[in-house]
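# Per-entry structural report
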Amino acid sequence: MKIFFTKRRVNYLTTAALLVLPLSNALGQKASTDAKMNIFVSGLMKKMTVDEKIGQLNLITSGMAITGAVTNNGVEANLKKGAIGGIFGLYGTANVKSAQDVAVKNSRLHIPLIFGLDVIHGHRTIFPIPLGMSTTWDMGIIEQSAHIAAKEATAEGLNWVFSPMVDIARDARWGRISEGSGEDPWYGGQVAAAMVKGYQGSSLTNADAVMACVKHFALYGGAEAGREYNTVDMSRIRMYQDYMPPYKAAVDAGAGSFMSSFNVVDGVPATVNKWLLTDLLRKQWGFDGFVVSDYTALNEVTNHGLGDLQTVSALALKAGLDMDMVGEGFLSTLKTSLKQGKVTIAEIDLACRRVLEAKYKLGLFANPYKSIDATREANEVLTPEHRKAARIAAEHSFVLLKNDNQILPLKKSGSRIAVVGPLADNKRDMLGTWVIAGEWQKSISVLEGIKNVAGNSGLITYAKGANITEDTAFMSRLNFFGQQMVSIDKRPANELLEEAVDNAKRSDVIVAVVGESQSMSGESSSRADISIPESQQNMLKALAKLGKPLVIVLFNGRPLTLTWENENAAAILDVWAPGTEAGNAVAEVLFGNYIPSGKLTTTFPRSVGQIPIYYNHLNTGRPYSGGPAKFKSNYLDISNDPLYPFGYGLSYTKFNYGDIKLSKTNLKGNEALTATVAVTNAGKYAGEEVVQLYISDPVASVSRAVKELKGFQKINLQVGETKNVTFNITPEQLKFYNSQLKYDWEPGEFIVQIGTNSADVKAAKVQWVK
Ligand code: NOJ
C-alpha cells in the first residue's frame, strides 16, 4: 500500500477526496462527480502519448483462467510501457497486486489496471446456473447472489465481472441458453436490472462493488440452428420487441460496461456495428460506460469478411468499441491507422476517455489497490452465510415437472431409497458452466445431501448405474483443453446397470440422478440432440421396468426433450446445475423441507423439430387449434404444444385460481386498471406460488404475440389460505414497437390473463381507448 503515497498518488487521492463533499441532491451530486471526473481524466490525457492512449484500449488475459483459444505474450513488458489497460482471468490478491504493482510503480503515468473475470453465477460460492437463478422468479434472491459474487470477487482483487449475460434464447440447442434468463424479454429485463444492482451496489467506489459488463450485445442468443457463433438475422421489429429489452433494462439500471457479441447484427458484425454500439446503445438508450469486445471478436471480423485486422480495428473504433479483448488489434494497428488518416485522434481519445472514466468511477485512481485486501480474501469467501444463500437460491430454483400420486416429498425414514445415476455421487457436475474460481471439490453431492437430510440409516443405497455417456468421441469433446471433466467408471455398461437394478429391486423408491454434465452446456456446447444421453436412458428404462416409483432428479443446462421420461417416471424434479450446495438443496426439496416453487423461463419442446419454440409467438394466418389439421400451421407427426410451457412448475401443494375481477372493463387514456384473482392453497403443504399476468392485444397495426408476460407476484400461502392477488395495469404495459419502431399502445380490446403458467390462465377482456 505504501507505494501510493508518492507525490503523484497523493494528488490522485486529493482529487478523489473532493468527491465526498456533501451535495444537495443526487442529480447535483452526479453532475459534480462527472465534472470532477472530466477535469481529472482530461488532465491525465493531456500527459498521455498516443501509444499510452491506445494501451488503455488493450485488455489481455493472464492465462491463469483459460476461456478462449488464444492468450497474450509479453505481458510484463507491455505493462511497463503502458500498453495494457486491463487484465482478465487473474485473481487472488497476491496475483492482482503483483500486476497492479507493475502498472502503478513501473509505468510512466502510473495508471492503474482494471481486473476482470467471468464471474457468472458466483465467484467462490457457486449459485445455480443463470437459467436456474431465473426460475426462482425472485429478484431479491437474484440480486443477493450478484452481491455475494461481488463481495467474493472484490475480496480476491477483482473489480469488473463479465456478467450479466442477458441474451434472449428460444433455441435449447444453443448451449449458452444456460447462461441467460430464458425466452421472455420483459422478465429478462427484470433479472438484468437485479443483477446489475447486485454487482454494482449503491456506488462503484464501495469496496465490495464490481462493475457489471452486460453481454453479449447484441442478439447472440438468436444464433441460427442453435449452433454456437452462428449467424443471427432478424427483423428490426423482432429485435426491438423481443431481444433488446433486457440490454436496455441493464442500461437503465446503470450498468458500467457492455460486451459486443461475436455475431452479425443486420449483416454487420456487432463489434464493428456503429448503428448498434453508438446510435442505439449510446444515442437512443443513453449508455455512458465503455464497450469491450468479446474474446478476439475484433480479429474474427476478418473471418466475417470485412477486411484485414487494421481495417476492422479502425471500423470498430469508429463504431464505438472502446476496448479490445485479447486480440491486440487496436494495439497493433491503430497508430498506423492514425498516421494514414484512417482514424482520428479524437476517436482514440474518446475510447481512452471511456476506459479511464470506468477506472475513475471504480475509485481506482484514488486507490489502485482498493480491492486488494488479504484479510477480506481470508475471511469473506465461501463463508457459511454465502453457502446458505446459495442453498436457498438453489432450493427456489428447482422446477417440479411431474409428481404423480404425490410421490414427492419422500419420507425421511422407514423407506428404502435406491439412489442411482452418474450425477448422484458426483461433486464436479454440481457447479455447472462458468465456474472459474469455484472449487468443485467443495460442493455437496446429491448422495451426501440425501444422507445429510435423511440420515445414514442404511436404508439408502447407491449405485452409479451408467456413465454420463458411453460415446467416446462425444466424451472427448466434453473433456476440452485436455481437462478430465467427466469421470468414467471403466466397468462394462451392463455391469454398472445390473448393480443399479439389483439395488433398486430392494428399494421402495428409486431416485435417479441423471442428465447433463457440466460441460454439456455453456459456451461452445451446442447439441443437435437434446435428450438425456443414451447410456443414462438405458438405465432409466431398465429401472422403470421394475414397477417401483421412479423419481428423476434432472441436471440440465437447457430444456431437454423428455417425452419418455414424462410418461414413465413418477416424478421429475429439474434442478439445473445448483452450485456449491447442490446436494443439500436437492435433499431439502426431495424430503419436503422446502416445497418447490420454481417456474420455467424457457419452453420445453417435445422434440428438437419444434425448435425454436416459445410461448410469445405470433398467431400466423392459419393458427394451430389444438390438433393437427390440413392447411393449418402444424406438423403431421407431432403436436405444436410444448412438453412443458413457459411459466410451468408444480408444487407439492395445490393452488386453485378464482376468476379475474377487473376494476373496469372500459378504460380511457392513462386510467389504471386493476385485475384481481383469489388464489387458494387447496393442498396439504404451505407453499409459494408465482402468479403470472399475461396480456394479449388481438387487434393492432402489426401482428402481436399471442400473449406477453407483463407481471408476476410470488406469494406464500398456508394450507387452506386464500389471498387476493392484484395487478395494476397501465397503458405502459400495452406498448409495443410498431412498424416504424415507435413504442406506443393502440386502442382496442385487450385480454388480461392471470394464471399458474403461460398455458393455464383465467382470462377477462377490456376495451381501452385513447
Ligand atoms: C467468450 C465469451 O463469449 C464471453 O462470454 C466471455 O466473457 C469471454 N469469452 C471471456 O472469457
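Preceding this paragraph is the structure being described.
Numbering of residues starts from 1 in each chain and follows the order in which that chain's sequence is written. Residues qualify for local features only when their pLDDT is at least 70, as the model is predicted, and side-chain atom pairs are given and counted only at 80 or more; totals for whole chains, interfaces and linings, by contrast, use all residues. The side-chain values count all of the structure's non-hydrogen atoms but skip hydrogen atoms and water molecules.

### Here we look at the overall build of the protein chain
Inclusion rule: Each helix corresponds to a stretch of at least 4 residues labelled H or I by DSSP, and each strand to a stretch of at least 2 residues labelled E; elements are numbered beginning at the N terminus. We compute the radius of gyration from the C-alpha atoms alone; for a globule the expected value is 2.2 Å times N to the 0.38, where N is the number of residues. When accessible area is computed with a 1.4 Å probe and restricted to protein chains, residues below 20% of their type maximum are described as buried, those above 50% as exposed, and intermediate ones as partly exposed.
What the protein chain contains, in helices and strands, is 23 helices and 27 strands. Over its C-alpha trace the protein chain gives a radius of gyration of 27 Å, about what one expects of a compact globule, namely 27 Å for 770 residues. For the protein chain, the spread of C-alpha atoms along the principal axes amounts to about 75 × 65 × 50 Å. By residue count, 60% of the 770 residues in the protein chain fall in the buried class.

### Topic: the sheet that holds strand 14 (residues 509–515)
Note the cut-off: Note on pairing: two strands pair once DSSP finds at least 2 bridges between them. Only the stretch in contact is used when a helix axis is fitted, and all axes are lines through C-alpha atoms; the angle between N-to-C directions ranges over 0 to 180 degrees. The contact definition used throughout considers only heavy atoms, calling two residues in contact when any of these lie within 4.5 Å.
What the six strands build is an open sheet, ordered 11-16-15-14-12-13; its pairing is mixed. Strands at the two margins of the open sheet, each flanked by one partner only, are strand 11 (399–403) and strand 13 (460–463). Ignoring strand direction, the axes of neighbouring strands in this sheet form an average angle of 15°. In this sheet, strand 14 lies alongside strand 12 (residues 417–420) in parallel orientation, the contact comprising four bridges. Opposite Val419, over in strand 14, you have Val511 as the bridge partner. Contacts from helix 20 (residues 493–505) reach strand 12, strand 13 and strand 14 within the one sheet, and its direction differs from that of strand 13 by about 165°.

### Here's the deal with the packing of helix 20 against helix 21 (residues 534–544)
Between two packed helices, the angle of one axis relative to the other and the distance separating the axes together describe the packing. The following threshold applies: Just so you know how the angles are binned, under 35 degrees is roughly parallel, over 145 roughly antiparallel, 65 to 115 roughly perpendicular, and the rest oblique. By definition, any crossing whose near helix is turned counterclockwise from its far helix by less than a right angle is left-handed, and any crossing with a clockwise turn is right-handed.
Contact geometry of helix 20 with helix 21 gives a least axis separation of 10 Å together with a crossing angle of 30°. On the basis of their axis angle, the class for helix 20 and helix 21 is roughly parallel. For the pair helix 20 and helix 21, the crossing hand works out as right-handed. Facing Leu497, Ala500, Val501 and Ala504 of helix 20, the residues of helix 21 in contact are Asn538, Met539, Ala542 and Leu543.

### Description of the packing of helix 7 (residues 139–155) against helix 17 (residues 384–397)
Here is the rule we go by: Polar here means any residue other than Ala, Val, Leu, Ile, Met, Phe, Trp, Tyr, Cys and Pro, which are nonpolar, and Asp, Glu, Lys and Arg, which are charged; Gly is therefore polar.
It is at 10 Å that the axes of helix 7 and helix 17 come closest, and there the two elements cross at 150°. As the angle between them shows, helix 7 and helix 17 are arranged roughly antiparallel. Helix 7 and helix 17 meet at a crossing whose hand is left-handed. Contact residues: Ile141, Gln144, Ile148, Lys151 and Glu152 in helix 7; His386, Ala389, Ile392, Ala393 and His396 in helix 17. Residues of the contact of helix 7 with helix 17, tallied by class, amount to five nonpolar, three polar and two charged.

### Looking at the environment of Arg704
Condition: Residues adjacent in sequence count toward polar contacts only when both atoms are side-chain atoms; beyond that, a polar contact is any pair of N or O atoms within 3.5 Å, and within protein one must be able to donate a hydrogen and the other to accept it.
Structurally, Arg704 can be placed in the loop between strand 21 (687–696) and strand 22 (708–717). Residue classification places Arg704 among the buried residues on the basis of a relative accessible area of 10%. Residues Arg704 and Tyr187 lie 517 residues apart in sequence; the distance between their C-alpha atoms is 18 Å. Once residues within four sequence positions are removed from consideration, Arg704 is found in contact with Gln241, Leu618, Asn619, Asp697, Leu734, Lys735 and Phe736. Side-chain polar atoms of Arg704 contact the side chain of Glu708, separated by 3.1 Å.

### Observations regarding helix 17
Given 3.6 residues per helical turn, the α-helix brings residues three or four places apart onto the same face. What counts, and what does not: Helix span, expected: 1.5 Å multiplied by one less than the number of residues in the helix.
In a regular helix each residue adds 1.5 Å, so 14 residues correspond to 20 Å; helix 17 covers 20 Å between its end C-alpha atoms and thus fits that length. Across the 14 residues that make up helix 17, a large majority, ten, are buried. Buried within helix 17 are the following residues: His386, Arg387, Ala389, Ala390, Arg391, Ala393, Ala394, Glu395, His396 and Ser397.

### Notes on the side chain of Ser696
Its place among the elements puts Ser696 in strand 21. When its relative accessible area of 7% is taken as the criterion, Ser696 is described as buried. Those residues in contact with Ser696 that lie beyond four places of it in its chain are Val706, Lys707, Glu749, Phe750, Ile751 and Gln753.

### Re the sheet that holds strand 27 (residues 760–769)
Read from one edge to the other, the open sheet built from five strands follows the order 19-27-26-21-22, with strand pairing classed as mixed. For this open sheet the edge positions go to strand 19 (666–668) and strand 22, each flanked by a neighbour on one side alone. Between one strand axis and the next, the sheet turns by 30° as a mean value, whatever way the strands run. Taken together, the five bridges between strand 21 and strand 26 (residues 748–757) define a ladder with antiparallel strand orientation. Among the inter-strand pairings, Tyr694 is bridged to a residue of strand 26, identified as Gln753.

### A closer look at the packing of aromatic side chains
What counts is decided by this rule: Each pair of aromatic rings taken from Phe, Tyr and Trp, with Trp reduced to its six-membered ring, is defined by centres within 6.5 Å and is described as stacked if the planes are under 30 degrees apart, edge-to-face if over 60, and tilted in the remaining cases. In our convention, an over-ring charge means Lys NZ or Arg CZ found within 6 Å of a ring centre and within 35 degrees of that ring's normal.
Counting across every chain of the model gives 28 aromatic pairs. Pairing Trp576 with Phe604 gives two aromatic rings, centres 6.2 Å apart and planes at 65°, and the pair type is edge-to-face. Remark: Phe604 occurs in the loop between helix 23 (582–590) and strand 17 (655–657) and Trp576 occurs in the loop between strand 16 (571–574) and helix 23; sequence separation between them is 28 residues. Phe604 carries the same exposure label as Trp576, and that label is buried. Measuring from ring centre to ring centre gives 4.7 Å for Tyr737 and Tyr743, while their planes differ by 35°; the resulting arrangement is tilted. Note on Tyr743: relative accessible area 40%, which makes it partly exposed. Clustering of aromatic rings is evident, with ring pairs tying together Trp137, Trp186, Tyr187, Tyr615, Phe646, Tyr694 and Phe712. Across the ring face of Trp564, the terminal group of Lys541 is positioned such that the distance to the ring centre comes to 5.7 Å.

### As for the site of the ligand
Note the threshold: It suffices for a single heavy atom of a residue to lie within 4 Å of a molecule or strand for the residue to be listed as near it. In short, Shrake-Rupley with a 1.4 Å probe defines the accessible areas, and a residue's cover is counted only from the protein chains shown.
Of all residues adjacent to the ligand, which total 14 residues, the nearest are Thr67, Asp118, Arg176, His216 and Asp294. Between the ligand and Lys215, the relevant distance is 2.8 Å, taken from an oxygen atom to a side-chain nitrogen or oxygen of the residue. The side chain of Asp294 places a nitrogen or oxygen atom 2.5 Å from an oxygen atom of the ligand. Protein chains bury 100% of the 300 Å² of accessible surface belonging to the ligand in isolation.

### A word on the side chain of Asn479
Among the structural elements, Asn479 can be located in the loop between helix 19 (472–478) and helix 20. Asn479 gets classed as buried once you look at its relative accessible area, which sits at 14%. With residues near it in sequence (within four places) discarded, Asn479 still touches Gln484, Met485 and Val486.

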